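Coordinate analysis (summary)
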Amino acid sequence: MEKTFEAKSVEECLEIACKEFQAKKEELNFSVVQEPSKGFLGIGSKNAIVKVSLNDNFNIRQIREFLEKLIGFYNQNVEINVDILKEMLSYSVSIKSDSPLSNLIGKHGHTMEAIEHILSVYINKINDHRISVRIDINDYRSRRENFVKQIVTESIKKIESGRVKRISLEPMNIHERKIAHEILSQYPNLKAYSVGNEPYRHIIIEGSRVKISK
C-alpha cells in the first residue's frame, strides 16, 4: 500500500499519512520525491512530495491488538510474540501462558484454527495484498507436528513388519496431513490416502503402492 502525499513540509506529509493510514510514524516507510522550497518572495515556492507505505510494524501492532482484544474475552493472561517470516507477507504468532490455554486451543486445535482464520480475515482486510498468518498457542502446533511424525513413523514400522496390513490414523487438519503425506511419500511400497470430511478427515495407510492423494 503506497500513496503520494503533498504538503508544505515533509513532516506535514507524514502527519497526513498517519491519519489516512491510521498508523504511527514508526510504522511508515517513506521517500521524499520533492523537497519543499520557499522560492523568492513567495514566487516559485514548491510543496514537499513524499511517497509513503506501511511497514511490518503496522501489521505487528494490528495483530497484537486484535489478539489482545479477542483473547480478553477468555479472561486469559498471555504473552504474544509476532515474528516476521517474509516482510509484509508472512507472520508467525506465538501465544504463551503459564496456564494450559486449553479453551483457546480447543479439541484437536480447532479453536486455535478458528482464531487464526478470524485474524487472517482481519489482517487481509486492512492490507491491499495477501498476508499469511500462522498461530501457535503454548507450542501446541509444534508438539502436535512432532506427534504426527511419531505416529506415522510407528504405523509405517507396523505395516512393514507385517503385523498389520492397514492402519487408520486419527483425524488431522490439512497441515498435519501434509506433514504425514510428506513422510509417507518416501515409502513407494505403501498406499496412503485421505478419507472423510473436515474436521474428521483422516489418513489410511496400506501396504501397497498407489498414487498418494492429499
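Residues numbered from 1 in each chain as written. Predicted model: local features only at pLDDT ≥ 70, side-chain atom pairs only at ≥ 80, totals over all residues. Heavy atoms only, no water.

Regarding its fold elements, the protein chain presents 6 helices and 9 strands. The C-alpha radius of gyration computed for the protein chain amounts to 25 Å, which surpasses the reference 17 Å derived for 214 residues by more than 25%, pointing to a less compact arrangement than a globule. Taken over the C-alpha atoms alone, the protein chain extends approximately 95 × 40 × 25 Å along its principal axes. Taking all 214 residues of the protein chain together, the buried fraction comes to 39%. The contacts in the protein chain between residues at least 6 apart in sequence include a share of 56% that link residues at least 24 apart. Surface accessibility of the protein chain: about 12,900 Å² in total, with carbon and sulfur atoms responsible for 51%. Side-chain charges in the protein chain split into 33 positive and 29 negative, and the spacing between the mean points of these groups amounts to 8 Å. (Helix = DSSP H or I, 4+ residues; strand = E, 2+ residues; numbered from the N terminus. Rg over C-alpha atoms; globule rule 2.2 N^0.38 Å. Buried < 20%, exposed > 50% of the residue type's maximum accessible area, 1.4 Å probe, protein only. Contact = heavy atoms within 4.5 Å. Areas by Shrake-Rupley, 256 points an atom, 1.4 Å probe, with all protein chains shown as cover. Lys, Arg positive; Asp, Glu negative; His and termini not counted. Charge placed at Lys NZ, Arg CZ, Asp CG, Glu CD.)

A few words on the nonpolar core. Within the largest apolar cluster, 39 residues are counted, with the highest numbers of intra-cluster contacts made by Ile63, Leu67, Val93, Ile95 and Ile135. When residues of this core are assigned to their parent elements, the largest contribution, 7 residues, is made by helix α2 (residues 56–72). Ignoring anything within four residues of it in the chain, the contact list for Val93 reads Ile63, Leu67, Ile80, Asn81, Val82, Val133, Arg134, Ile135 and Asp136. In this structure, Ile159, Ile179, Leu190 and Ala192 belong to the second largest nonpolar core, which totals 16 residues. (Core = buried A, V, L, I, M, F, W, Y, C linked by side-chain atoms within 4.5 Å.)

Before going further, it helps to examine the sheet that holds strand β7 (residues 166–168). Ordered by their spatial adjacency, 3 strands build an open sheet running β7-β9-β8, and the pairing between neighbours is antiparallel. Of all the strands in the sheet, just β7 and β8 (191–195) have a single pairing partner and so form its edges. The average undirected angle you get between the axes of adjacent strands in this sheet is 15°. Here 3 bridges tie β7 to strand β9 (residues 202–206), and the two strands are oriented antiparallel to one another. Note that in β9 the partner of Ser168 across the bridge is Ile204. (Pairing = 2+ DSSP bridges. Axes fitted to C-alpha atoms, helices over the stretch in contact; angles between N-to-C directions.)

This part is about the environment of Ile205. Along the polypeptide, Ile205 turns up in strand β9. Considered as a pair, Ile205 and Val152 are 53 residues apart in the sequence and their alpha carbons are 9.1 Å apart. Discounting residues that sit within four places of it in the chain, Ile205 has contacts with Ser155, Ile159, Lys165, Arg166, Ile167, Leu169, Leu184, Leu190 and Lys191.

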